[in-house]
Amino acid sequence: MAPAAAGYFRKLTRKLTEDVEQLDAEKMAESPDASGAQRACDCSRGDEVTMFGRLRSVDACSKAANANIEAEFFDGTDPVTLVWIGRRKIPGIEPGKTVLIRGRVGERDGRKIVYNPYYELRDDS
């Protein structure tokens, strides 16, 4: 069998047998669109960051006085919670959307969080 064909079958076998989330994480971590953006695993509390990734989940916490939107952002390395304070809905902020975010990393319950991040929606790929 030719080396090119063997490489193709190795990649195909990996796609069929590997965990889909693991493959997605690797793809996001190596994404060429992420050039110039930091990886979430390299960021720490107090850092001003620009990150490229995908929204895994979006929840609207609409208590009477405290309307918030929380989203889980994932760039292939670490999850980061994004919180928009005082918002009940933001057009385009939906699970599965690819975004570029900018903001300052904080910490809540030992997890990374960014409050009121600037965001740009990117084409899903």
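Residues numbered from 1 in each chain as written. Predicted model: local features only at pLDDT ≥ 70, side-chain atom pairs only at ≥ 80, totals over all residues. Heavy atoms only, no water.

To continue, consider the nonpolar core. Judged by nonpolar contacts, the single largest core of 17 residues is most densely connected at M51, L55, F73, V80, L82, W84 and I101. When contributions to this core are tallied by element, the ones reaching two or more residues are β1 (48-62), β2 (67-74), β3 (79-85) and β4 (98-108). If sequence neighbours within four positions are ignored, I101 has contacts with V49, T50, M51, F73, L82, P117, Y118 and Y119. (Core = buried A, V, L, I, M, F, W, Y, C linked by side-chain atoms within 4.5 Å. Buried < 20%, exposed > 50% of the residue type's maximum accessible area, 1.4 Å probe, protein only. Helix = DSSP H or I, 4+ residues; strand = E, 2+ residues; numbered from the N terminus. Contact = heavy atoms within 4.5 Å.)

The calculated volume of the second largest pocket comes to roughly 160 Å³. Around the second largest pocket, the lining residues are S57, D59, E70, A71, E72, T81, R108, D109, R111, K112 and I113. Residues belonging to the lining of the second largest pocket are distributed by class as follows: 2 nonpolar, 2 polar and 7 charged. (1 Å grid on protein atoms, 1.4 Å probe; cavity = no way out; pocket = protein on both sides within 12 Å on 5 of 7 lines; lining within 4 Å. Points joined across faces, edges and corners; volume = space filled by probe spheres on them. Nonpolar A, V, L, I, M, F, W, Y, C, P; charged D, E, K, R; others polar.)

Looking now at the pattern of salt bridges. A full pass over the atoms with the stated rule returns 7 salt bridges. Across the salt bridge formed by D42 and R39, the nearest N and O atoms sit 3.2 Å from each other. For R39, a relative accessible area of 41% puts it in the partly exposed group. Three or more residues joined by partner-sharing salt bridges are found here, namely R102, E120 and R122. (Salt bridge = Lys/Arg side-chain N within 4 Å of Asp/Glu carboxyl O.)

This next bit is on the pairing of β3. Across the 7 residues of β3, 5 count as buried, placing the element largely inside the fold. Between β2 and β3, which pair antiparallel in sequence order, lie 4 residues; one of them, G76, sits at a positive phi of approximately 100°. Note that β3 and strand β5 (residues 111-115) share 3 bridges and pair parallel. When the bridges of β5 are listed, T81 appears paired with I113. (Pairing = 2+ DSSP bridges.)

Here the focus is the pairing of β5. Relative to β5, β4 is paired through 4 bridges, and the arrangement is antiparallel. Bridge pairing links V105 to V114 in β5. As consecutive antiparallel partners, β4 and β5 are separated by 2 residues, and within that stretch D109 has a phi angle of approximately 55°, a positive value.

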